[in-house]
Amino acid sequence: MPNYAELHCISNFTFLKGASHPEELVLHAKNLGYSAIAITDECSVAGVVRAHSVAKEQGIKLIIGTEVLIENSIQLVLLAKNRLGYGQICELITKGRRSAPKGEYRITKENITTNLSETIGIWIPNTSLSISQQIDTAIFLKQCFANAIWIGIERIASNHEARRLRQLSAISREASIPCVATGGVYMHSRDRRLLQDTLTAIRLRTTLKQAGHSLTPNGERHLRPITTLKKIYSNTLLQETINIANQCNFSLDTLKYEYPKEITPENITPTQYLKKLTEKGLRWRFPNGTPEKVLALVERELQLIRELGYEPYFLTVFDITDFARKQSILFQGRGSAANSAVCYALGITEVDPSRMEMLFERFISKERNEPPDIDVDFENGRREEVIQYIYNKYGRHRAALAATVVTYRPKSAFRDVGKALGLNLEQVNRITKNFAWWDKNSTRENRLQDAGFNTKTSVIKRLIQLTEDLAGFPRHLSQHVGGFVISQGPLSQLVATENAAMANRTIIQWDKDDLDTLGLLKVDILALGMLSAIKRALQLVSDRHQKPFSISDIPPEDPKVYQMISKADTIGVFQIESRAQMSMLPRLKPKCFYDLVIEVAIVRPGPIQGGMVHPYLERRQNETLVTYPSDEVKQVLERTLGVPIFQEQVMQLAIVAAGFSPGEADQLRRSMAAWKRRDGLQMFEEKLITGMRDRGYNESFAKQIFQQILGFGEYGFPESHSASFALLVYVSCWLKYHEPAAFTCALLNSQPMGFYAPAQLIQDAQRHRVQILPVDIFKSSEECTLENNTLALKPMIRLGFNRVKGLSRKAITNIIAHRSSTKELELLIRKTQLSQKDINALSDARAFENILGNRHQANWWAAGIGLAPAPIFERSITPYEQIPLPVPSKGEDVIADYRSLGLTLGDHPLLLIRKDLNQRNLLTAKQLRLAANGSLVRTAGIVTCRQRPGTASGVVFVTLEDETGYSNIVIWRTTAESQRKTLINSQLLGVFGHIERDGEVVNLIAKKLIDYSSLFSNLTTRSRDFH
Amino acid sequence: MLWLCLNFPKIAIEALIPKWEDVNPTAIIDSGQPPQIIAFNKKAQKIGLQKYMSLSSAFAISSELQVFPRSIHKEIKHLEDIATWALQYSSHTSVQPPDCVLIEIGSSIKLFGGLESLTLKITKSINALGHTTIMSSATTPLGAAWLARSGFNVHLQSRKELENCIYRLPVSLIGNAQQVNSIRSFGIRTIGEIAQLPRKEVTQRLGADLLDKIDRAIGVIPDPQPPTPIPEHFKKKLELTVPTEDLSSILFGIRRMVIQLESFLSLRNTGTTHFAIHLKDESLKTHDIRFKLSRPSRNSKHLTDLIRERLNQETLPSRTESITLECLNESPLSAQNFSLLPDQNQTTEDGIQLIEKLRARLGYDNVFGISSIPDGRPEKAWAKNIPGKQSKENPSYLRPTWLLPKPKKLYTKDNNPLLDGPLIIIDGPERIETGWWDEQDTRRDYFVARTTDHALIWIFRELPEGTNWFLHGIFS
Amino acid sequence: MATALQDIHHSPYIWRGKEISRRNTHFITSEINSIDQAIGGWPLGALIEFTSKQVGVGELSLLTPALRKLSQQDKWIALICPPYIPYAPALSTNGIDIKKILVIVTSNTSDTAWAMDQAIRSKSCSAVVGWFSFVTEKILRRLQLAMDTQETLGAYFINTESAPRNVPTPWRITVDGKYDQTIINITKRRGGMPISTLATTHPAIQECCGSV
């Protein structure tokens, strides 16, 4: 009795056509009792790894293949017989994809005449062609594939099916090509018919109503029960599927990664080389002798690396960072393996193992059989140099970026499904506009109601259902931010590659998770803006002290720096500058580096959702609260006072407390983020809770851990990662405290980055008594610079030309090139041949103020300069004539400053209207900080930041700024929604509410919002008699 | 000379949205990136829209907001229409772009019973035309325009008064954006402040036209205005933003044009005996209705009545997109006695006549064309249609020549369908599962079957594997 | 015959029949071999009666190839009082330009007759096809009179049992089904003897079971 193997089946990685995830297809095939299933996405292998892991888990044979349309006429399915055949398929896909624009492919008849010897072809004839054309095709394919070609017989209850079947058997006889049953599957179950139709409409950019016969006529293209297949196919046709499946014996598990050879010099093994480099590095790191602790750590790590054969990986990363170091590109390694002692010795990371209390043996796990993970952040301006280095060293055929699978988000899914269902543009806009920055999936239905849609109508019900189905579907492949795959041989033998949107970039068809699954090496080459800022700051400090100053010169554990951090005085620093972080700092009061590691990890959606924050804070204040249900748990949680904060801790808990194997724990973490979120977790929940109960833990503890795992799935930080980030936090804080001018200057030159705009950075610096000097045509450089104040011995920041809006780059270079030759403004301008636009920009930025007086006078002069005849001699320049123009008021200057520079060095705008504000009983931020808990107060300030964190159930956080500092406003959901108009429109927002204090944290809980923006207009009023 | 200036602060929205459509919060955006709100209606104002707000903030305030891009072309067209219409008050009117119409009223003010009565009259008619206006008058055209644009309803008869007022107006009135920005960058805010600066230097920096404009506004130099020509022919088209089949909406639009027609005819001191309305639908097919009067008329109410009566009898296009009113002849007015003689259809094509004749006896709906619609559901794959209308193709599937208007349920025996005896299945199944998106998910297996009488029929069984069989077509 | 066939291809679709008739009847090819060979296609300007015992034996299909050709003219194809919906997808699959089709629904014989008469006389129809459930000699005489002056394809269908025995209709054809076949008997024709048992494959069979 023949069984069945589905040999022609596309997943949703055939974008906007396949209507099931690869995992669903494999699982369903298994449940139906198929003996094998092939995933044959159109010119793609992007979905096969996902299919592979499920197939392995479920114990069903997976065949890797692809479907291609050759010269728009021949539809051919190719299946890999073995490793060689798989390579041939990848090669063909690569060829097809690389010779067409992104998202398309072009495969010619020529392409399939050679190099497919180890594949099986199944031809799906196009019956709209004439019989003679089809016979020609049959003969052609027979020539290409000899005995490895079949005709695929699809019985899908289509019109004219009987006639078509007779045709096909005639062709089969004529060309002596055997037939085989194939499903031409688009979806795992018939239920997906609605989604499949919707995808078609989306693909064709039309509505379902208009799509007409482009839609699949029926739902037969799904995985059908074998009993059904037996009714419609002969035994011979079914048996043939098994025969073909038996010839296909390739598993992705057999892909073996071969590390590039050139990283190791001749005559030395990678093991020896790594050992040698590590020892050399230790001597450099510890000139006074390596501490015992570190030596032991290195010994243990090297042994583990040797056992797992990961030397080439570390050497590859070393090679890249070594290049960066030689080019003085600042970088910092992170990821599970980055904070090993070996990496410290190799200079990949600056996190000093002798300073850290981290458990480094977890950096690679033997059980998990997962490749080590090292991400390297480079300063963002220079990452491209590193990428080019990799391309040059390994060649484009051996190095490529990993893909990122761009998936449908709820919002995009809503939009596309809405359009397909025929909602008009206005309605679709109305829906998506209502997915404003604060919307979460769970509020979708409410949002729709708010938008005036009746969620009880069937259209809207369908909209919701289809959107849910579609969300998470892949849409296209994009390039990963920096994940490089480097191989020994041509990459295309390993995986198909295709063009990325960016010119001259190629990506492989697998993403980071796929690479993980197969245990393939990837190096993340990332860009980090803060590294550029730190690099600049270090350079400024070096210049000032006239000796090199680097991160390793920064003294560790400076108590003054921690004091500053504890006061949440962290504007501009890395990571802990956000509103949420700043409200945590005064409570956590970090005192040492490890506290920063925790701080970085704790203010994340994972720990917040898991409810870890408050218990941790309580225990920090009162250590007696720390108890452990068992010694095993104590071991895992001791360093975080019994509260799981890092991703690894949660996984480890599952292992030690619930008896998960490390593999299972890891699976648990993955399944959290992956496709089967809703149904996949029950199994784990039960296992976890019973496991813990069996080991004597009480159920509430178990449930709490499960909740934490849920939260962690996507949002938790691993400890090693936090440690690397914490180092940059410390470095940036140290710079902010000890070198505020250099730090601010570097930040200004690294814009845009971080949470704060230049105006706020400048104001913060001024509050820290850093003097800021205006743009000056004779003194400014392109960037902001430091000027020495000989009296105070403190450097001052001179604003650079790059802050002046509307000034061309050419003008900047010309000014700097010519200004040594004259001290005369008019001559300088003539020599540099500035355009009127550039002159105006400079005068409006007050760059001439030293020479010409106030902005109005300068602007008047600037407007006339192009018209006056050029003076012949420098001496003959006419003196600047004062014109009876009004003198700018302070308010006017501030407004013009903001317009021209985006910041002001004058008084804070609120100071100028303080009188108006006082009349309205509005307190300053400083007064607010002193207000009693619970007191009713009013304040007003410039809105600098509106945030609606995904985790905070609809609360809006607003930061208001005035001349005394910042105040934190909390607006509950109902208040925010009823006063949405004011909340969104106000520049100068007034808030009435009550104070909520928690130690040094002061929040104003808003009751009423008032738009005071009109007070600003008072700034520009002035008396009429202007001269 | 005395110039009355009509400023239309809402022309951007009024040129696009006829008043009867003005029911939802609506805003007009410019073509900027990102677009800004430049005008909005009352409803939008109520919910808190502000000028120059970004479109996304506007949507954040209300998701109900309707948005249209600005059409300067249409605005000018409207202003020209108004200038023409205003010729009934003065022989000299002129468009002052982008938002004003000037009327020289010095010579006609007495005729209309003084300034107050004249402005009242104009306001009323302007409202009937669906516009909002602000009026100022002054001895110079530009002066009047600047006053009106500044939102003043003032009437200044002396030059001195005018100069005082003008000098206090903001500089934003007098130049393009670039000029205004540079003036402001000198700290100058009012027109008077510019006038005080050294003339030569101002001209150097801001161009000669600026001071020229001030001179014209205060009457130092003359400012001749191009007069609006009296049109030779009346043909007005009104585009609807939302296609409609609502007769009252269409009539509202027509009324607006008839008022213009009346003004046109009275300018020329004529009436019309022959005019036409063309309604264009979405398929750009035009529906012409001609009117013949036995005696010439220009009375807008009378003409509107006639039109309403006639339109009530006509079958209008289902979705009218634009309305055109065209005056086809003019003749001197005589006594006010009218009657309506429907015009004979000029197209004497046999085919059309046949249809008309058949319809006259058999009823409109009983004569029709058929079209093919690409839809997987057999009963949706065809439709009645206007005779002669092109339709889209269906793929060449095997389908019966006759389709039953409604599937007919068949008797069955042992789950086998019967029709005058047992049926023999010749072909199938062809499975059709589609149409779920509009409440008519159709799931059927279709078969070709032969009756004992050797007739071939098209039958289906409902899915999932139901026992109900239906006859749906006959291969005649 | 060969030249005649060529005429079909080259000249307009109308060709002069070889048979001598009372006046010169024009024919249009039926594109059904047996019919074209026997009588030279369908006559124009002469009323044709089709009778069958039941619908579904391919009776309307006898006319469809001719209607396809006629639909290329800028004239209507009037279908008067059809018993069911003339199914547009099927007609267009047969190559008929369906925008030429004018369906006229009537509620009684006299309206049907009147509409046919109007359609024939209007000069704007290339074909006028009606369906009667009952008809009188008088009606048919009048219709034939109208046809005399036109170059129109005029035909009506009626159930065999309802057809009057003696009719002035110059062409009478009965249609029957026999398994895959449509059987045609020409019982009356202008200028010729009756011809019996012409057979053609039912077009639906041709489509679903036709040879590859």
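Residues numbered from 1 in each chain as written. Chains lettered and ligands numbered in written order. Predicted model: local features only at pLDDT ≥ 70, side-chain atom pairs only at ≥ 80, totals over all residues. Heavy atoms only, no water.

Q: Explain the overall build of chain B to me, and be specific about the residues and the numbers.
A: Along its length, chain B carries 14 helices and 21 strands. Burial analysis of chain B (476 residues in total) assigns 53% to the buried set. Partitioning the contacts of chain B with sequence separation of at least 6, the portion at a separation of at least 24 is 59%. If you sum the accessible surface of chain B, you get close to 22000 Å²; carbon and sulfur atoms cover 50% of it. (Helix = DSSP H or I, 4+ residues; strand = E, 2+ residues; numbered from the N terminus. Buried < 20%, exposed > 50% of the residue type's maximum accessible area, 1.4 Å probe, protein only. Contact = heavy atoms within 4.5 Å. Areas by Shrake-Rupley, 256 points an atom, 1.4 Å probe, with all protein chains shown as cover.)

Q: Outline the packing of aromatic side chains, listing residues and values.
A: Under the criterion given, the structure shown has 31 aromatic pairs over all chains. Ring centres of phenylalanine 331 of chain A and phenylalanine 378 of chain A lie 5.9 Å apart, and the angle between their planes is 45°; on these two criteria the pair is classed as tilted. Placement of the pair is phenylalanine 331 of chain A in strand E8 (residues 331-334) and phenylalanine 378 of chain A in strand E9 (residues 375-379), with a sequence separation of 47 residues. Summarising the aromatic geometry, the rings of tyrosine 446 of chain B and phenylalanine 460 of chain B are spaced 5.0 Å apart at their centres and angled 50° between planes, so their arrangement reads as tilted. With tyrosine 446 of chain B in strand E19 (residues 442-450) and phenylalanine 460 of chain B in strand E20 (residues 456-462), this residue pair connects regions lying 14 residues apart in the sequence. Judged by its relative accessible area of 1%, tyrosine 446 of chain B falls in the buried class. In textbook terms, an aromatic cluster arises when at least three aromatic residues are bridged by ring pairs, as seen for Trp402 of chain B together with Trp42, Phe50, Tyr84, Trp131 and Phe157 of chain C. (Phe/Tyr/Trp six-rings, centres within 6.5 Å; stacked < 30°, edge-to-face > 60°.)

Q: So, the pattern of salt bridges: which residues are in play, and what are the values?
A: Residue and element names in this part refer to chain B. All told, the structure shown has 74 salt bridges over all chains when counted by the stated rule. Aspartate 99 is the partner of arginine 149 in a salt bridge, and the nearest nitrogen-oxygen pair spans 2.7 Å. Within this pair, whereas arginine 149 is found in helix H6 (residues 141-149), its partner aspartate 99 is found in the loop between strand E5 (93-96) and strand E6 (100-104), the two being separated by 50 residues in sequence. Residue class for aspartate 99 comes out buried when judged on its relative accessible area of 16%. (Salt bridge = Lys/Arg side-chain N within 4 Å of Asp/Glu carboxyl O.)

Q: Would you mind going over the packing of helix H5 (residues 109-121) of chain C against helix H6 (residues 137-148) of chain C in detail, with residue names and values included?
A: Residues and elements named next belong to chain C. Contact pair H5 / H6: the axes reach a minimum separation of 9 Å and the direction vectors enclose 10°. Of the possible angle classes, the one that applies to H5 and H6 is roughly parallel. Residues Thr109, Ala113, Met116, Asp117, Ile120 and Arg121 of H5 pack against Ile139, Arg142, Leu143, Ala146 and Met147 of H6. Per-class residue counts for the contact of H5 with H6 are seven nonpolar, one polar and three charged. (Axes fitted to C-alpha atoms, helices over the stretch in contact; angles between N-to-C directions. Parallel < 35°, antiparallel > 145°, perpendicular 65-115°, else oblique. Nonpolar A, V, L, I, M, F, W, Y, C, P; charged D, E, K, R; others polar.)

Q: Residue-level account of the side chain of asparagine 499 of chain A, with values.
A: Residue and element names in this part refer to chain A. Locating asparagine 499 in the fold gives a position in strand E12 (residues 497-499). Taking the relative accessible area as the measure of exposure, asparagine 499 reaches 18% and is therefore buried. In terms of polar contacts, asparagine 499 uses its side chain to reach the side chain of arginine 98, at 3.3 Å. (Polar contact = N/O pair within 3.5 Å; in protein donor to acceptor, adjacent residues only side chain to side chain.)

Q: Would you mind going over the sheet that holds strand E17 (residues 795-798) of chain A in detail, with residue names and values included?
A: Residues and elements named next belong to chain A. Across the sheet, which stays open at both edges, the three strands sit in the order E15-E17-E16 with mixed pairing between neighbours. The open sheet terminates on both sides in strands that have one partner only, identified here as strand E15 (772-773) and strand E16 (785-788). Here helix H33 (residues 740-749) sits on the sheet in contact with E16 and E17, set at roughly 15° to E17. (Pairing = 2+ DSSP bridges.)

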